[in-house]
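Chains, contacts and geometry: an overview
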Amino acid sequence: MNLPSRLLQLLMVVLMVGGTSYLMMQSLPGDAAWRIAAGRYGYDALDAAAAASVRAELGLEAQGGLHFLYWLGDILRLELGTSLISGESVWVEIRHQLGNSLSLAGAALGISLLIGPPLGLLAGLRAGGWLDRSLLAVCSLLRATPQFLLALVLILLISVEMGLLPAAGHGEPQHFILPAMTLALGLAAVSARLARDAMAAVTQTAFHDFARWKGLSNAQTFWRHGLRHVALPLVTYLGLQFVTLVEGVVVIESIFGWPGIGHALVHAIFSRDVPMVQGTALVLGVGFVVINLLVDLLGRQLDPRGVK
């Protein structure tokens with residue numbers, strides 16, 4: 001674990017995310033003033049005068065690369081600027097939206113951990129059995145299904161046909177279920193296969209056979225000798241799951257009308273709200289670095305071999 005290298009990695013993430021999102025927003029076709037005016041006043045009140053007012057207020061024609069330099073100056077002061085649409089601080093807006101996204105991601109992650117690893121462990125203990133083969137087929141199907149398609153299938157079956165759950169919304173416990181299940185099924189499919197492979201490998205080791213030869217039961221052998229070996233790849237995969245969750249929330253929040261950071265990012269892109277896009281992408285990028293750091297620390301605790 002090298003703290004200076006981690007800090008350098010964090011600095012590179014800030015510069016790359018900020019620069020890339022700025023360049024991508026500047027390269028979008030169309031007049032940014034019209035988009036921003038539409039976001040502020042609505043399409044019914046949009047006209048040339050409103051767009052000209054926005055252009056003059058924000059100095060869009062004269063900015064060039066100055067906006068990016070202003071943004072870097074804000075970053076040095078731990079500020080993310082002000083939203084071009086709402087006029088609110090980007091920090092304030094992201095804090096509110098990030099809370100909604102984290103609650104949804106936490107629910108999805110919890111459901112996936114309840115489904116995937118237990119099934120994978122059972123399949124790994126009896127590799128080649130009916131559960132192993134059935135789990136392989138289901139996991140392959142779930143991994144091959146895009147999340148937006150899975151979301152639409154769940155909405156049609158559970159909301160439209162059965163009428164059991166709302167198709168969209170926010171604020172009630174039942175609003176969590178469909179978006180969280182959509183995210184969780186894909187995550188559970190991968191974690192189940194990882195747990196299955198790790199458990200099957202453990203059952204082939206000499207220490208597992210020796211533990212069984214000593215008279216330990218399957219459960220005792222797993223808790224005393226197998227859990228640590230199975231946990232390491234699962235914990236490592238939890239860090240990768242953050243990337244999957246970030247990709248998923250952008251799509252899932254838009255489909256289910258969930259007021260999270262992914263939903264806000266899509267609206268900010270359509271409205272050319274550059275400070276919101278840069279701030280949202282930056283928070284997600286920094287979150288990825290922090291999650292990887294925590295995964296590394298936990299991995300060292302589970303497997304201290306090689307630590308100097």
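Residues numbered from 1 in each chain as written. Predicted model: local features only at pLDDT ≥ 70, side-chain atom pairs only at ≥ 80, totals over all residues. Heavy atoms only, no water.

Observations concerning the overall build of the chain
Definition in use: A helix here means a DSSP run of H or I that spans at least four residues, while a strand means a run of E at least two residues long, and both kinds are numbered starting from the N terminus. For every residue, the accessible area (1.4 Å probe, protein chains only) is compared with the maximum for its type, and the residue is labelled buried under 20%, exposed over 50%, or partly exposed between those bounds. In this description, contact between two residues means that some pair of their heavy atoms is separated by no more than 4.5 Å. Exposure was quantified through the Shrake-Rupley algorithm and a 1.4 Å probe, taking into account, for residues, occlusion by the shown protein chains and nothing else. His residues and chain termini do not enter the charge count, which takes Lys and Arg as positive and Asp and Glu as negative. By convention, the point assigned to a charge is CZ for Arg, NZ for Lys, CD for Glu and CG for Asp.
When its secondary structure is counted, the chain shows 12 helices and zero strands. In the chain, the order of α-helices and β-strands from amino to carboxyl end is α-α-α-α-α-α-α-α-α-α-α-α. Seen along its three principal axes, the alpha-carbon backbone of the chain occupies a region of about 85 × 55 × 30 Å. Of all 308 residues assigned to the chain, the portion counted as buried reaches 39%. For the chain, contacts bridging at least 24 residues in sequence account for 72% of all contacts bridging at least 6. Carbon and sulfur atoms make up 68% of the accessible area of the chain, which totals about 16,700 Å². Of the charged side chains in the chain, 19 are positive and 19 negative; the average position of the first set lies 18 Å away from that of the second.

Notes on the packing of aromatic side chains
Going by this rule: Any two of the Phe, Tyr and Trp rings considered here, Trp counted by its six-membered ring, make a pair once their centres fall within 6.5 Å; the pair's planes then place it as stacked at under 30 degrees, edge-to-face at over 60, or tilted in between.
Per the counting criterion, the structure on display carries two aromatic pairs. A centroid spacing of 4.9 Å and a plane angle of 65 degrees characterise the contact between Phe176 and Trp258, whose relative ring orientation is edge-to-face. Separated by 82 residues along the polypeptide, Phe176 in helix H8 (residues 174-203) and Trp258 in the loop between helix H10 (218-256) and helix H11 (261-270) bring together distant segments of the chain. Residue classification places Phe176 among the partly exposed residues on the basis of a relative accessible area of 26%. Seen from their ring centres, Phe210 and Trp213 are 5.6 Å apart, and the 25 degrees between their planes marks the pair as stacked.

Focus on the packing of helix H6 (residues 130-144) against H8
This is how the line gets drawn: For helices, the axis comes from a line fit to the C-alpha atoms of the stretch in contact; other axes are also lines fit to C-alpha atoms, and the angle between any two N-to-C directions lies between 0 and 180 degrees. Note on terminology: angles under 35 degrees are roughly parallel, angles over 145 are roughly antiparallel, angles of 65 to 115 are roughly perpendicular, and the others are oblique. The crossing is said to be left-handed when, going from far helix to near helix, the turn is anticlockwise and less than a right angle, and right-handed when the turn is clockwise. Amino acids outside the nonpolar list (Ala, Val, Leu, Ile, Met, Phe, Trp, Tyr, Cys, Pro) and the charged list (Asp, Glu, Lys, Arg) are all regarded as polar, and Gly is one of them.
For the pair H6 and H8, interaxial distance at closest approach is 9 Å and the crossing angle is 140 degrees. By the angle class used here, H6 and H8 are oblique. With respect to the hand of their crossing, H6 and H8 are arranged in left-handed fashion. Side by side, H6 and H8 meet where Asp132, Leu135, Leu136, Cys139, Leu142 and Arg143 of the first sit next to Leu185, Gly186, Ala189, Val190, Ala192, Arg193 and Arg196 of the second. Taken together, the residues of the contact of H6 with H8 break down into eight nonpolar, one polar and four charged.

Describing helix H2 (residues 32-41)
Ala33, Ile36, Ala37 and Ala38 are the residues of H2 that are buried. The inward-facing, buried residues of H2 contact helix H3 (48-58). Directly after H2, the chain includes Gly42, whose backbone phi takes a positive value near 90 degrees.

Quick notes on the environment of Leu136
Relative to the helices and strands, Leu136 resides in helix H6. A residue is classified by how much of its surface remains accessible, and Leu136, at 42% relative accessible area, is partly exposed. Linking Leu136 and Ala192, residues 56 residues apart in sequence, is a C-alpha distance of 9.0 Å.

As for unusual backbone geometry
The backbone of Arg272 sits at a positive phi, close to 60 degrees, despite the residue not being glycine. Relative to the helices and strands, Arg272 is located in the loop between H11 and helix H12 (274-302).

Topic: the pattern of salt bridges
Formally: For this analysis, a salt bridge means a side-chain nitrogen from Lys or Arg found within 4 Å of a carboxyl oxygen belonging to Asp or Glu.
Scanning the model with the defined rule gives three salt bridges in all. A salt bridge links Asp132 to Arg193; its shortest N-O distance comes to 3.6 Å. Of this pair, Asp132 sits in helix H6 while Arg193 sits in helix H8, and the two are 61 residues apart along the sequence. A relative accessible area of 6% means that Asp132 is categorised as buried. For Asp197, the salt bridge is made with Arg196, and the minimal N-O distance between the two is 3.0 Å. The exposure class of Asp197 is partly exposed, given its relative accessible area of 39%. Judged by relative accessible area, Arg196 falls into the buried class, the value being 16%.

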